[in-house]
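Residue-level listing of the chains:
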Amino acid sequence: MDIWRIRGGARLEGECSVQGSKNASLPILAACLLCPGTVELRRVPRLRDVDAALQILEHLGCRVRREGDQVYIDASGVNGCEIPPALMERMRSSVIFMGALLARCGRARLSLPGGCRLGKRPIDLHLLALRRLGAEIEEEDGEIRCRPSKLRGASIRLPFPSVGATENALLAACGAEGETLIRGAAREPEIVALQDFLRALGARVEGAGTATLRVSGFSPRASARFRIPADRIAASTLLCACAGCGGKLCLKDCDPGHFSTVLHFLNQAGCVIIQKHDRVTLSSAGRLRAVGPVVTAPYPGFPTDAQPLLMAALLRAEGESVFRETIFENRYRQVPALRRLGGSVLLCGREARVRGVERLRGAALDATDLRGGAAMILAGLAAEGETLLRDEGHLARGYENFDACLRDLGADLSLKHEGDCHGIFVQSTQNHG
Ligand code: EPZ
């Protein structure tokens, strides 16, 4: 258990680099299975989900070595195509290994993946795409068996631009004979990163960033090097933190175009934003104006992952902000905690109405999921008094050195791991009711 102790009220000032992208790293790590030799990845964030992916690779017979933010994966000795439930359950992205294993070994055996509980998260679109490519898949009691099958290029139409299904389709298509067209594909920057990496491995892939992808062959290279792009949601998190607390923040080594919809609303809320090609500076007076409607949508729309973060920043804004969540059915899990801090949030189906309040006050909270937990930290930073957040490890799944990064910017907070925090939470829960 991790315990965050936050004393709110400080302005955030400073400059920092953005961590490597979690959601780009995970499919790229799965794609390493397609390389007959060694891959060198740079700017790989130290995260629990990344560790889980590295453990899956080791389990499948890869040799894995980390040096700072560099990771070396030697996939020459891959000798397995089964992933046990204990490894599958650790994150949602474990399902992406299905496409990679099919491309490498022509078969796979795994169970249903874990991940944040944001509502139903079926994998029907993943299976649809893989079956179109000729995979013979059976599902029974939560187990997925892809029998040895020869993959053939195909025309796939995804009825919804699922990020994960697009990644699985791309990976499996690299192991198929003939050309594959994927229509209705997701257009997220993480898909572009995966395409760039697959090209570095020797794949002929084009179209990433558009709704139609074409995979027309794969001539494996013996080795490859690749740098993971910046994490657009981690960048959005820091920007929303500064917007809500007030201050001035410069984020370096990122692509502001990847989170332009978040910048758009922060600007509408009254923040001053200056963008250069690989950096962005945000200045905030602290008290923002309401915005909306903020409607989440597949890229290039407003990211569902940033919805809880922007909501936290707007809790003290003047007026009423409206959010409409269209991607996940249960993505307002942060709301009860934000209310405990004094936020006024009304939920009605997929819509959330946030009426700005003068002040928030610290409380004892429990992190519910990765981005929801981050939103609670942001709200705690903007609240008066002390907030204690108990977290079963959600934040470490997606944020690298989050506490140190916020402290460097002037936040007053500490993070303790279970064992060195006995009694703190009980006392605080009593104080705050
Ligand atoms: C990715 O999840 C991200 N995860 C999520 O980030 C992100 O919220 C999501 O895309 C949307 O942007 C990773 O990249 C590891 P989807 P993914 O398939 O691939 C439905 C974070 O906090 N759907 O695009 O699981 C699904 O239920 C995480 O970093 C089906 O119905 O997202 C959801 O409603 C959380 N059938 C919608 O599509 C399927 O087969 C979007 O899911 C697949 C998805």
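Residues numbered from 1 in each chain as written. Predicted model: local features only at pLDDT ≥ 70, side-chain atom pairs only at ≥ 80, totals over all residues. Heavy atoms only, no water.

Inspection of the region around the ligand gives 23 residues, with Asp124, Leu125, Ser162, Asp305 and Ile327 positioned closest. Side-chain polar atom of arginine 92 to an oxygen atom of the ligand: 3.2 Å apart, as the coordinates give it. At 2.8 Å from an oxygen atom of the ligand is found a main-chain nitrogen or oxygen belonging to valine 163. Burial of the ligand by the protein amounts to 88% of the accessible area it has alone, namely 820 Å². When residues of the shell around the ligand are traced back to their parent elements, those giving at least two are helix H1 (22-31), helix H5 (124-132), helix H6 (163-173) and helix H12 (370-381). Looking at which element gives the most residues to the shell around the ligand, the answer is H5, with three residues. Counted by class, the shell around the ligand contains nine nonpolar, six polar and eight charged residues. Mapped onto the domain boundaries, the shell around the ligand takes at least three residues apiece from domain 1 (2-19 + 230-424) and domain 2 (22-227). (Near = heavy atom within 4 Å. Polar contact = N/O pair within 3.5 Å; in protein donor to acceptor, adjacent residues only side chain to side chain. Areas by Shrake-Rupley, 256 points an atom, 1.4 Å probe, with all protein chains shown as cover. Helix = DSSP H or I, 4+ residues; strand = E, 2+ residues; numbered from the N terminus. Nonpolar A, V, L, I, M, F, W, Y, C, P; charged D, E, K, R; others polar. Domains from an automatic or database assignment.)

Under the domain assignment used here, the protein contains domain 1 (2-19 + 230-424) and domain 2 (22-227). A straight line from the C-alpha centre of domain 1 to that of domain 2 covers 30 Å. Each side of the interface is counted separately: domain 1 has 28 residues, and domain 2 has 23 residues. Buried area between domain 1 and domain 2, summed over both chains or domains, comes out near 2200 Å², and the portion from carbon and sulfur atoms is 50%. Run the count over domain 1 and domain 2 and you get four salt bridges. The salt bridge involving aspartate 49 is made with arginine 397; its shortest N-O contact spans 2.9 Å. Our count for the contact surface shared by domain 1 and domain 2 stands at nine residue pairs in polar contact (both at pLDDT 80 or more). Tallying contributions element by element places helix H13 (residues 394-398) first for the side of domain 1 that touches domain 2, with four residues. Classifying every residue of the side of domain 1 that touches domain 2 by side-chain character gives 10 nonpolar, six polar and 12 charged. (Contact = heavy atoms within 4.5 Å. Buried area = accessible area lost by both parts, 1.4 Å probe. Salt bridge = Lys/Arg side-chain N within 4 Å of Asp/Glu carboxyl O.)

So, on to the packing of H1 against helix H2 (residues 48-59). The contact between H1 and H2 brings their axes to 10 Å, and the two run at 0°. When the axes of H1 and H2 are compared, the pair comes out roughly parallel. Here Lys22, Ser25, Leu26 and Leu29 of H1 lie close against H2, whose contacting residues are Asp49, Val50, Ala53, Leu54 and Leu57. Grouping the constituent residues of the contact of H1 with H2 by class yields six nonpolar, one polar and two charged. (Axes fitted to C-alpha atoms, helices over the stretch in contact; angles between N-to-C directions. Parallel < 35°, antiparallel > 145°, perpendicular 65-115°, else oblique.)

Applying the stated criterion across every chain, the model contains 30 salt bridges. Put simply, aspartate 253 and arginine 43 hold a salt bridge, and the shortest N to O gap is 2.9 Å. Here the residue aspartate 253 occupies a position in the loop between strand S14 (247-252) and helix H9 (260-268), and arginine 43 occupies one in the loop between strand S3 (38-42) and H2, the gap between them amounting to 210 residues. For the salt bridge of glutamate 320 with arginine 353, the shortest nitrogen-to-oxygen distance reads 2.6 Å. Here glutamate 320 is found in strand S18 (residues 320-324), whereas its partner arginine 353 is found in strand S20 (residues 351-355), with 33 residues between them in sequence. For arginine 353, a relative accessible area of 32% puts it in the partly exposed group. Within this structure, Arg109, Glu136, Glu138, Glu140, Glu143, Arg145 and Arg147 form a network of salt bridges that share partners. (Buried < 20%, exposed > 50% of the residue type's maximum accessible area, 1.4 Å probe, protein only.)

With that out of the way, let us pick up H6. Each α-helix winds once per 3.6 residues, and so residues spaced three or four apart point in a common direction. Most of H6 sits inside the fold, with 10 of its 11 residues counted as buried. Residues of H6 that are buried include every one of Gly164, Ala165, Thr166, Glu167, Asn168, Ala169, Leu170, Leu171, Ala172 and Ala173, and no others. The opening residue of H6 is serine 162, an N-cap whose side-chain oxygen sits 3.5 Å from the backbone nitrogen of glycine 164.

Right, let's talk about the pairing of S20 for a bit. Both S18 and S20 contribute to a ladder of five bridges, which runs antiparallel. Counted as the bridge partner of arginine 324 is glutamate 351 from S20. Where strand S19 (residues 344-348) meets S20, five bridges bridge the pair, whose relative direction is antiparallel. When the sheet's bridge partners are listed, serine 344 is paired in S20 with arginine 355. Adjacent in sequence and paired antiparallel, S19 and S20 are bridged by two residues, among which glycine 349 carries a positive phi angle near 60°. (Pairing = 2+ DSSP bridges.)

Next up on the list: the packing of aromatic side chains. The description of an aromatic ring pair uses the distance of the two centres, along with the angle that the planes make with each other. For the structure shown, the criterion picks out four aromatic pairs. Each ring, one from tryptophan 4 and one from phenylalanine 402, has its centre 5.9 Å from the other, and the planes form 65°; the classification is edge-to-face. Residue tryptophan 4 is found in strand S1 (residues 2-7), and its partner phenylalanine 402 is found in helix H14 (residues 402-408); the two are separated by 398 residues along the sequence. The pair formed by tryptophan 4 and phenylalanine 402 is uniform in burial state, with each residue classed as buried. Seen in terms of ring centroids, phenylalanine 197 and phenylalanine 226 are 5.5 Å apart; in terms of plane orientation they differ by 65°. Their pairing is edge-to-face. Taken together, the residues span a long stretch of sequence, with phenylalanine 197 in helix H7 (residues 189-201) and phenylalanine 226 in strand S13 (residues 223-227) at a distance of 29 residues. Its relative accessible area of 12% is what places phenylalanine 226 among the buried residues. Every member of this aromatic cluster is reached through a ring pair, and the members are Trp4, Tyr399 and Phe402. The cationic tip of arginine 65 hangs over the ring face of tyrosine 72; the distance from NZ or CZ to the ring centre is 4.4 Å. (Phe/Tyr/Trp six-rings, centres within 6.5 Å; stacked < 30°, edge-to-face > 60°. Lys NZ or Arg CZ within 6 Å of the ring centre and 35° of its normal.)

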